[in-house]
Amino acid sequence: MSIPLPVSDVIAALPLPALAIAPSEQVIAINPLARKLLDTDVTGKHFITILRQPSVAEAVEQCLADGSAAVAQYLARENGQDVTYDVSVRAIGTSGNALLTFQDINHVAVAGQMRRDFVANVSHELRSPLTALMGFIETLRGPARDDATVRDRFLSIMTDEADRMNRLVGDLLSLSRVEAAERVRPTEQVDLGALLSTTLRNLGPLGVDAGVTFNTDLPEKPVMVLGDKDQLLQVFTNLVGNAVKYGSSGKIVHITIALHAQTNVLRAPGVEVCVRDEGPGIDPVHLPRLTERFYRIDSHRNRSLGGTGLGLAIVKHILNRHRGRLKIASKPGQGAEFRVFLPLA
């Protein structure tokens, strides 16, 4: 024999914010989650005193009138941010009461906005070089058809623009691969000292062209971590390459490795790789956003140096896969410091 439970007990047991409304349009039960969400206890009061948003009020009135189910959106403000909830309105049996449950869908809204921003950014990044290429092609077909000097200059610029699009597509593919494998933990033993030596050897010509020298403090013994060798090489190539590009000519890029018996960042034994330049530095206001896709401090300078705005986003995702962390510190006029923390094998 089943024993019916009071509505208030059922509402209290639900894992979502929920409340019940009687045919008289009064709130007859509300659970702690809904009380926290709505920042009030309105038991015994008319529901419209808290649910003033038209779509929600209309769904409740329709359900109370004919028992029909409905879904509406409720917009709330939490911790200074807008949060969107799906409100499901259902009749409770034949009692005439209506049950409202609130499902947080903000992550869906955020993901949708991220996709829209991503498409807009990619379109913008590709449109500029494509527009330039189309303009040069039209000119070479017309007024500059027989002008060898102009033709050579335009072809050089067109090559640079094509290279820029190629780098962008390459970084987009790299980001996609990294995100796809982010949940797969690497199992290969990698020597960070040897990896950084390879990085510096590969970037040696770039340093010479930029007038930058490397100062290293690398341990003689192997420093082993579990990792994907190619991905970690990509991380340090990006960080050291940025230090060379955005540091100043005649300055030094410092690369060090330090072992820690315990790191606060990882809460475990780990290794810290620090890449520090002596360039103009970065205003602290930009630091929290540096790993966002396409975020640039100086868009014109970044593009002129060959940047796509995706490098640090790729670094972040690679380090997430390796259970590592990236810490950035900088002040204007004092250079920039990028510290990578990885757990020891």
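Residues numbered from 1 in each chain as written. Predicted model: local features only at pLDDT ≥ 70, side-chain atom pairs only at ≥ 80, totals over all residues. Heavy atoms only, no water.

Engineer: Provide a residue-level description of the layout of surface pockets, including the pertinent values.
Structural biologist: Size it by volume and the second largest pocket reaches roughly 410 Å³. Lining the second largest pocket are 14 residues, with M114, T291, E292, R293 and K316 sitting closest to its centre. If you tally residues by element for the lining of the second largest pocket, the top one is helix α4 (residues 106-141), at four residues. Among the residues forming the lining of the second largest pocket, the class breakdown is five nonpolar, three polar and six charged. (1 Å grid on protein atoms, 1.4 Å probe; cavity = no way out; pocket = protein on both sides within 12 Å on 5 of 7 lines; lining within 4 Å. Points joined across faces, edges and corners; volume = space filled by probe spheres on them. Helix = DSSP H or I, 4+ residues; strand = E, 2+ residues; numbered from the N terminus. Nonpolar A, V, L, I, M, F, W, Y, C, P; charged D, E, K, R; others polar.)

Engineer: Please give an account of the nonpolar core that cites residues and values.
Structural biologist: Counting 44 residues, the largest nonpolar core has L192, F236 and V340 as its most contacted members. For this core, the leading source of residues is helix α7 (residues 229-246), giving seven residues. Apart from the residues lying within four places of it in its own chain, the contact partners of L192 are V223, V225, L232, F236, I257, V271, V273 and L342. Core analysis: the second largest hydrophobic core is formed by 28 residues, I21, V27, A59 and C63 among them. (Core = buried A, V, L, I, M, F, W, Y, C linked by side-chain atoms within 4.5 Å. Buried < 20%, exposed > 50% of the residue type's maximum accessible area, 1.4 Å probe, protein only. Contact = heavy atoms within 4.5 Å.)

Engineer: I'd like to hear about helix α6 (residues 192-210), residue by residue, with values.
Structural biologist: The terminal C-alpha atoms of α6, which comprises 19 residues, lie 25 Å apart, in line with the 27 Å expected from a rise of 1.5 Å per residue. Taken as a whole, α6 carries its principal kink of about 50° at L203; the proline P205 stands between one and four residues after it. Regarding α6, the residues found buried are L192, G193, L195, L196, T199, L200, L203 and G207. (Expected span 1.5 Å × (residues − 1). Bend = angle between axes of the 7 residues up to and from the residue.)

Engineer: Lay out the pairing of strand β4 (residues 81-92) in plain terms, naming residues and giving numbers.
Structural biologist: Looking at chain direction, strand β3 (residues 70-78) and β4 are connected through nine bridges and run antiparallel. The partner of V71 across the bridge, within β4, is S88. Between the end of β3 and the start of β4, which pair antiparallel, lie two residues, with N79 showing a positive phi angle near 55°. Across eight bridges, β4 lies against strand β5 (residues 97-104) in antiparallel orientation. The partner of S88 across the bridge, within β5, is T101. (Pairing = 2+ DSSP bridges.)

Engineer: Help me get a handle on the pattern of salt bridges, residues and values and all.
Structural biologist: The final tally for this structure, using the stated rule, is seven salt bridges. E179 serves as the salt-bridge partner of R293, at 2.0 Å between the closest nitrogen and oxygen. Taken as a pair, R293 in the loop between β10 (268-276) and α8 (299-304) and E179 in helix α5 (residues 148-180) lie far apart in primary sequence, 114 residues in all. The class of E179 is partly exposed, set by a relative accessible area of 32%. Put simply, E272, E337 and R339 are held in one network by salt bridges that share partners. (Salt bridge = Lys/Arg side-chain N within 4 Å of Asp/Glu carboxyl O.)

Engineer: Can you explain the packing of aromatic side chains? Please cite residues and give values.
Structural biologist: For the structure on display, the rule yields three aromatic pairs. The rings of Y74, Y85 and F102 are connected pair by pair, giving a single aromatic cluster. (Phe/Tyr/Trp six-rings, centres within 6.5 Å; stacked < 30°, edge-to-face > 60°.)

Engineer: With reference to specific residues and values, describe the sheet that holds strand β1 (residues 18-21).
Structural biologist: On the basis of which strands lie adjacent, the open sheet formed by five strands has the order β2-β1-β5-β4-β3 and antiparallel pairing. The open sheet has two edge strands with one neighbour each: β2 (27-30) and β3. Ignoring strand direction, the axes of neighbouring strands in this sheet form an average angle of 25°. Across the face of the sheet, helix α3 (residues 54-66) comes into contact with β1, β3, β4 and β5 while running at roughly 145° to β3. (Axes fitted to C-alpha atoms, helices over the stretch in contact; angles between N-to-C directions.)

Engineer: Report on the sheet that holds β10, specifying residues and quantitative values.
Structural biologist: If you walk across this open sheet you meet the five strands as β7-β9-β10-β12-β11, and the pairing is mixed. The outermost strands of the open sheet, each flanked by one partner alone, are β7 (213-217) and β11 (325-330). Neighbour to neighbour, the strand axes of the sheet diverge by 20° on average, direction disregarded. Two strands pair when backbone bridges link them, and β10 and strand β12 (residues 336-343) are joined in this way by seven bridges, in the antiparallel orientation. Across the sheet, residue E272 finds its bridge partner in β12, namely F341. Sheet strands touched by α7: β7, β9 (252-263), β10, β11 and β12. Its angle to β12, the strand with the most contacts, is close to 165°. Across the sheet, helix α9 (residues 311-321) is in contact with β11 and β12; its angle to β11 comes to roughly 140°.

Engineer: Lay out the environment of G333 in plain terms, naming residues and giving numbers.
Structural biologist: Mapping G333 onto the fold places it in the loop between β11 and β12. For G333, a relative accessible area of 62% corresponds to the exposed category. Distance in space between the C-alpha atoms of G333 and I282 is 7.9 Å, their sequence separation being 51 residues. Ignoring sequence-local partners within four residues, the contact set of G333 consists of G279, P280 and G281.

Engineer: So what's going on with unusual backbone geometry? Residues and values would help.
Structural biologist: Non-glycine residue E25 carries a positive phi angle of around 70°. By secondary structure assignment, the location of E25 is in the loop between β1 and β2. Positioned with a positive phi, R323 is a non-glycine residue whose angle comes to about 60°. Relative to the elements of secondary structure, R323 occurs in the loop between α9 and β11. The class for R323 is partly exposed, based on a relative accessible area of 49%.

Functional significance is not addressed by these values, which are geometric in nature.
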